[in-house]
Amino acid sequence: MINFVQQRRWFFIIAAGLVVLSLVALGVSQAIFGQALRISIDFTGGSLFVLQFQSPATEDGIRQVFEDQGLAGPIVQQLGTKDENLWQVRARFVSSDEASAIMNALDAQVGTVDRANSTVDTVDPTVGAEVTRTAGLAVLAAAVAVLLFIWYSFRRIPHAFRYGVASIVAMMVNVVVTLGFYTLMGILQGWEVNALFLTALLTVIGFSVQDVIVVFDRIRENIPRHRGEPFELIVNRSVMETVHRSLATQLNAMFVMIAILLFGGASIKPFIATMLVGMVSETFTSLCVAVPILVVWEERSQGGKPASAQATA
Amino acid sequence: MSNRTTTAFVLILLLTLVALYLVLPIQHPEWITNLLFWQPEASRSLEFQRGLDLQGGLQVLLAPDLPAGQALPDGALQASQQIVENRVNALGLTEPLVQTRGSRNIIVELPGIADPEQAMDTIRGTALLEFIESSTNLLPGTPVTTTYGLSTEEATAAMALTTTQVYSTVMTGAELKDAYPSSDSQTGEWGVTFELQSTASAMFAQYTTDHLNRPLCIVLDKVVISCPTIRSAIPDGKGSISGNFTYEEANKLAIQLRYGALPVPLKIESYKAVGPTLGQTSVERSIRAGVIGLVIVFLFMIIYYRLNGVAAALALALYVLLNLLLYKLVPITMTLPGIAGFLLSAGMAVDANILVFERMKEELRRGRSLGNAAEAGFSRAWTSVRDSNLATLLTCVILFVFGNAFAASLVKGFAITLALGTVINLFTAIVVTRTFVRVAFGLIGDKALEHPWLLGI
């Protein structure tokens with residue numbers, strides 16, 4: 001049997017490294033954009049134009065049009081490859097009249113905009129505030145649900161508190177790493193935190209809690225079966241017994257997500273990528289963070305004695 | 001093989017055939033569509049409903065544009081919704097949607113619209129209510145040309161042209177003071193009672209006396225909404241319109257009369273215009289991605305779990321079919337995140353199978369017989385399967401609540417397909433796979449144990 005638990009020092013180092021890298025990414029983003037997480041118009045209000053030009057356009061030309069129409073400081077960015085002529089512009093909230101004036105001015109001054117392949121999205125700040133409120137509510141509800149779920153699953157286990165803390169720490173590492181990844185993509189690719197990002201994050205948290213619980217459940221089941229064995233060994237056995245399921249399940253979900261990433265539409269890529277990274281990191285944290293924390297805690301409190309003595313309660 | 005297994009197997013086959021028939025993009029007989037009684041009668045169909053991001057179009061969030069501190073009058077939002085809906089219907093789109101949201105918003109969705117800028121002007125414009133003179137009772141919905149806004153000479157000139165009939169405008173909504181539904185004290189029938197501004201009473205009294213027993217059509221934005229006949233002269237500016245109205249119809253007409261123009265000015269708080277071609281490309285890409293992803297999952301299950309894997313792959317195929325069927329039946333509007341939720345749920349659907357098969361392998365390694373191991377696998381894995389599905393459903397509930405915010409509405413599509421998939425998965429992964437495994441083991445028997453590779457041990 002592979003001694004999985006013994007590698008825990010490495011796991012902790014990797015996890016800490018990932019967390020540090022994520023925090024660095026957040027710091028860099030804060031330094032460059034003044035925002036650790038770049039928040040999209042879903043939450044703040046504003047407008048987002050994705051413009052398909054029929055001929056090459058220039059960043060300055062596009063910016064000029066927006067400024068002429070009274071939208072100071074638009075963020076203009078080219079999407080895709082150079083010859084796709086696909087551009088994205090972010091600006092403040094615009095009325096439909098303003099949007100229509102902008103489109104016409106772009107036609108005249110920059111190049112014809114192919115309306116059939118373009119999108120205009122504009123959100124009033126009050127609408128954005130509503131999304132922010134609901135998002136806060138959703139995060140709160142998720143936190144309560146996670147705590148209740150963990151409490152319910154471990155309610156009959158001795159030292160339930162340790163299991164709970166270990167799961168929550170693992171989940172938090174996972175959240176920080178996913179945030180870090182998204183921030184990095186924000187710096188590199190201009191990804192912004194939108195409603196779908198939050199969706200991906202909440203979904204991953206849901207899966208992550210399940211994964212930890214499956215392993216912990218097995219540990220609980222194995223303690224009375226293997227009385228007298230050191231805790232570390234029992235845990236290792238439990239991990240080995242459940243790892244097939246975890247990996248097989250994650251792999252299947254990943255196959256599908258990678259297929260969407262490679263072949264699916266562009267607009268959904270950040271969403272799927274977040275979910276994919278969240279899932280990889282979740283598999284890692286549930287096995288390599290939650291479990292080792294439990295082992296270390298259990299051994300510190302007992303000085304390495306067999307765990308069975310108090311496990312029969 | 002027990003009788004129960006055989007029955008279950010036959011039922012599953014039947015279900016598969018029915019689902020396959022309904023999902024296939026072929027012409028289905030009308031009586032089948034008519035069976036979908038829970039769908040609104042006008043739009044019953046066995047087609048996939050595509051969201052705005054998949055077919056392009058315009059989504060607009062409207063709110064009353066009132067000075068700060070001024071309250072919204074009762075019923076004004078409903079009346080505005082009604083008027084906007086009439087205008088949108090006049091655009092002649094296939095499936096427009098106009099609904100109120102909360103106490104201060106109206107959502108308008110115009111799928112597949114080519115010119116969003118013009119549509120927004122139409123939505124926000126001021127409506128014009130007219131009463132026109134006609135020699136016949138025009139049907140509601142008839143578009144008409146009227147003399148409103150024309151000078152007398154122009155009107156005469158316009159009416160002289162014989163190609164299109166031009167109706168003369170008797171008065172406009174501005175002359176109307178109030179209108180409300182009322183029931184006749186004798187017959188109990190619903191009608192609409194209206195009152196005119198005092199300035200218009202004399203003119204209307206004269207007109208009704210002169211045009212007794214002739215129709216007087218009510219026209220909103222140049223479309224006839226009702227065409228009552230003048231039964232008696234109306235001397236005091238108070239009259240009523242009767243006709244076999246239900247209360248709802250009378251109330252709707254009263255609202256249209258009262259608020260010929262929008263009762264409150266509307267402003268656009270948020271809108272999204274998606275080019276139609278963009279949506280089409282997204283659909284094609286998503287389908288391609290989905291097929292590739294699922295094929296890999298099929299292969300993985302078969303290679304990793306062999307005989308069991310074949311059972312799981314077949315169950316997964318049925319899973320996909322059942323999901324698609326429900327999207328059509330309910331119907332569920334497909335969006336890009338919705339498709340992603342479905343594909344993800346399909347990838348996760350095999351989780352339940354994996355839990356069972358891993359248990360089964362453990363039992364076999366402990367030396368149990370094939371049949372026992374299979375049953376033990378299913379029954380012992382059940383708690384884990386249930387828990388993990390419950391957790392996913394809980395996530396979906398939270399996401400659904402979040403998706404209720406307007407700008408986050410895409411999230412809803414993801415939550416719905418993921419939740420639906422999770423529920424269907426309980427059926428396919430447990431009931432269906434179990435039946436398939438029993439059938440397979442029943443046919444092969446314990447001989448399978450002589451070929452361990454068949455079981456992937």
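Residues numbered from 1 in each chain as written. Chains lettered and ligands numbered in written order. Predicted model: local features only at pLDDT ≥ 70, side-chain atom pairs only at ≥ 80, totals over all residues.

Turning to the overall build of chain B, a few remarks are in order. Looking only at helices and strands, chain B features 12 helices and 15 strands. Against the globule reference of 23 Å for 457 residues, chain B gives a C-alpha radius of gyration of 31 Å, more extended than a compact globule. Projected onto its principal axes, the C-alpha coordinates of chain B cover approximately 105 × 45 × 45 Å. Looking at chain B residue by residue over its 457 residues, the buried ones come to 43%. (Helix = DSSP H or I, 4+ residues; strand = E, 2+ residues; numbered from the N terminus. Rg over C-alpha atoms; globule rule 2.2 N^0.38 Å. Buried ≥ 20, exposed ≤ 12 C-beta atoms within 10 Å, placed from the backbone.)

Before going further, it helps to examine the overall build of chain A. The number of helices and strands found in chain A is 9 helices and 4 strands. Against the compact-globule benchmark of 20 Å for 313 residues, chain A has a radius of gyration of 25 Å, which places it well outside the compact range. Its C-alpha atoms give chain A principal-axis dimensions of roughly 80 × 35 × 30 Å. In chain A, the share of contacts with a sequence separation of at least 24, taken over all contacts with a separation of at least 6, comes to 78%. (Contact = placed C-beta atoms within 7 Å.)

Annotation of chain A at the domain level lists domain 1 (5-37 + 127-310) and domain 2 (46-122). Its C-alpha centre places domain 1 of chain A at a distance of 40 Å from the equivalent point of domain 2 of chain A. (Domains from an automatic or database assignment.)

Across the boundary between the two partners, chain A contributes 55 residues, which contact 57 residues of chain B. When residues of the side of chain A that touches chain B are traced back to their parent elements, those giving at least two are helix H4 (96-109), strand S4 (119-123), helix H5 (125-153), helix H7 (195-225), helix H8 (231-263) and helix H9 (269-302) of chain A. Class assignment for the residues of the side of chain A that touches chain B results in 29 nonpolar, 20 polar and 6 charged. Judged from the 5 bridges that link them, S4(A) and strand S14 (residues 266-274) of chain B form a sheet pairing that is antiparallel. For A:Val120, the partnering residue across the bridge sits in S14(B) and is B:Ala273. (Nonpolar A, V, L, I, M, F, W, Y, C, P; charged D, E, K, R; others polar. Pairing = 2+ DSSP bridges.)

What follows covers the packing of H8(A) against helix H10 (residues 336-365) of chain B. Axis separation between H8(A) and H10(B) bottoms out at 8 Å; the angle between their running directions is 160°. Overall, the two elements H8(A) and H10(B) adopt an arrangement that is roughly antiparallel. As for the relative orientation of H8(A) and H10(B), their crossing is right-handed in sense. Where H8(A) abuts H10(B), its residues A:His244, A:Arg245, A:Ala248, A:Thr249, A:Asn252, A:Ala253, A:Phe255, A:Val256, A:Met257 and A:Ile260 lie against B:Ala340, B:Leu343, B:Leu344, B:Ala346, B:Gly347, B:Met348, B:Val350, B:Asp351, B:Ile354, B:Leu355 and B:Glu358. Looking at the contact of H8(A) with H10(B) residue by residue, the classes come out as 14 nonpolar, 4 polar and 3 charged. (Axes fitted to C-alpha atoms, helices over the stretch in contact; angles between N-to-C directions. Parallel < 35°, antiparallel > 145°, perpendicular 65-115°, else oblique. Left-handed = near helix turned anticlockwise from the far one by under 90°.)

All names here are of chain B. Reading across the sheet, the 3 strands line up as S9-S10-S13 and stay open at both edges, with antiparallel pairing between neighbours. Since the sheet does not close on itself, it has two edges, and those belong to strand S9 (176-183) and strand S13 (238-245), each with one partner. Each strand axis lies, on average, 20° off the axis of its neighbour in the sheet, ignoring direction. Sheet analysis places strand S10 (residues 190-196) next to S13, joined by 5 bridges and oriented antiparallel. In the sheet register, Thr 193 faces S13, and the bridge partner there is Ser 240. Contacting S9, S10 and S13, helix H8 (residues 247-258) runs over the sheet at an angle of about 175° to S9.

Our next topic: the nonpolar core. A:Val256, B:Ala315, B:Leu316 and B:Ala340 are the most contacted members of the largest nonpolar core, which totals 222 residues. Among the elements that make up this core, the one with the highest residue count is helix H9 (residues 276-329) of chain B (19 residues). Setting aside chain neighbours within four positions, we find B:Leu316 in contact with B:Val297, B:Phe298, B:Ala346, B:Ala349 and B:Val350. (Core = buried A, V, L, I, M, F, W, Y, C linked by C-beta atoms within 7 Å.)

Let us now look at the sheet that holds strand S5 (residues 129-133) of chain B. All names here are of chain B. On the basis of which strands lie adjacent, the open sheet formed by 4 strands has the order S8-S5-S11-S12 and antiparallel pairing. The strands lining the two open edges of the sheet, one partner per strand, are strand S8 (169-172) and strand S12 (223-226). With direction set aside, neighbouring strand axes in the sheet form an average angle of 35°. Pairing of S5 with S8 involves 3 bridges; the strand directions are antiparallel. Looking at the pairing, Ile 132 lines up with Thr 169 of S8.

Another aspect to go through is unusual backbone geometry. Cis geometry is found at the peptide bond from B:Val330 to B:Pro331, where omega equals -15°. Relative to the assigned elements, B:Pro331 resides in the loop between H9 and strand S15 (333-334). Positive phi is not limited to glycine here, since A:Asn85 has a value of about 55°. For A:Asn85, the position within the fold is in the loop between strand S2 (75-79) and strand S3 (86-91). In the Ramachandran plot, B:Asn213 falls in the positive-phi region, its phi being about 65° despite a non-glycine side chain. The exposed category is assigned to B:Asn213, around which 8 C-beta atoms lie within 10 Å.

The first and last C-alpha atoms of H7(A) sit 46 Å apart over 31 residues, in line with the 45 Å expected at 1.5 Å per residue. Of all the 31 residues making up H7(A), 25 are buried; the element is thus mostly covered by neighbouring parts of the structure. (Expected span 1.5 Å × (residues − 1).)

Another point: the pairing of strand S4 (residues 105-111) of chain B. Residues and elements named next belong to chain B. For S4, the buried fraction is high: 6 of the 7 residues fall into the buried class. Direction of pairing for strand S2 (residues 57-64) relative to S4: antiparallel, over a ladder of 6 bridges. Across the sheet, Leu 62 pairs through a bridge with Ile 106, a residue of S4. In textbook terms, the turn of a hairpin is the stretch between consecutive antiparallel strands, and for strand S3 (residues 97-101) and S4 this stretch comprises 3 residues, one of which, Gly 102, has a positive phi near 65°.

Moving on, we come to the environment of B:Phe441. Residues and elements named next belong to chain B. Along the chain, the position of Phe 441 falls in helix H12 (residues 409-444). Taking the number of C-beta atoms within 10 Å as the measure of exposure, Phe 441 has 24 and is therefore buried. Each C-alpha atom of the pair Phe 441 and Gly 173 lies 78 Å from the other, and the pair is 268 residues apart in sequence.

Turning to its location among the elements, A:Thr122 is positioned in strand S4. Taking C-alpha positions, A:Thr122 is 13 Å from A:Gln88, a pair spaced 34 residues apart along the chain. Setting aside residues up to four positions removed in sequence, A:Thr122 forms contacts with A:Ser47, A:Phe93, A:Val94, A:Ala99, B:Ser270 and B:Tyr271.

Before going further, it helps to spend a moment on the environment of B:Leu454. Here B:Leu454 shows up in the segment after H12. On the basis of neighbour count, B:Leu454 is assigned to the partly exposed category, with 16 C-beta atoms found within 10 Å.

Turning next to H5(A). The first and last C-alpha atoms of H5(A) sit 41 Å apart over 29 residues, in line with the 42 Å expected at 1.5 Å per residue. Burial in H5(A) covers these residues: A:Val127, A:Gly128, A:Glu130, A:Val131, A:Thr134, A:Ala135, A:Ala138, A:Ala142, A:Val146, A:Ile150 and A:Ser153.

The next thing to look at is the confidence of the model for chain B. All names here are of chain B. Mean pLDDT over chain B works out to 84, with 93% of the residues at or above the 70 mark. Ranking the elements of chain B by mean pLDDT puts helix H6 (residues 152-160) last, at 66, and helix H1 (residues 3-23) first, at 92. As scored by the predictor, the complex reaches a pTM of 0.80 and an ipTM of 0.88. (pLDDT = per-residue confidence, 0-100.)

A separate point is the pairing of S14(B). All names here are of chain B. Taken across its 9 residues, S14 has 8 buried, putting it largely inside the fold. Taken together, the 8 bridges between S2 and S14 define a ladder with antiparallel strand orientation. The partner of Leu 61 across the bridge, within S14, is Ser 270.

At a minimum axis separation of 10 Å, H7(A) and helix H11 (residues 370-403) of chain B run at an interaxial angle of 160°. The orientation of H7(A) with respect to H11(B), classified from their angle, is roughly antiparallel. Regarding H7(A) and H11(B), the two cross each other, and that crossing is right-handed. On the side of H7(A), the interface is formed by A:Thr199, A:Leu202, A:Thr203, A:Gly206, A:Val209, A:Gln210 and A:Val214, while H11(B) contributes B:Ser384, B:Ser388, B:Ala391, B:Thr392, B:Leu394, B:Thr395, B:Ile398 and B:Leu399. Looking at the contact of H7(A) with H11(B), its residues break down into 7 nonpolar, 8 polar and no charged.

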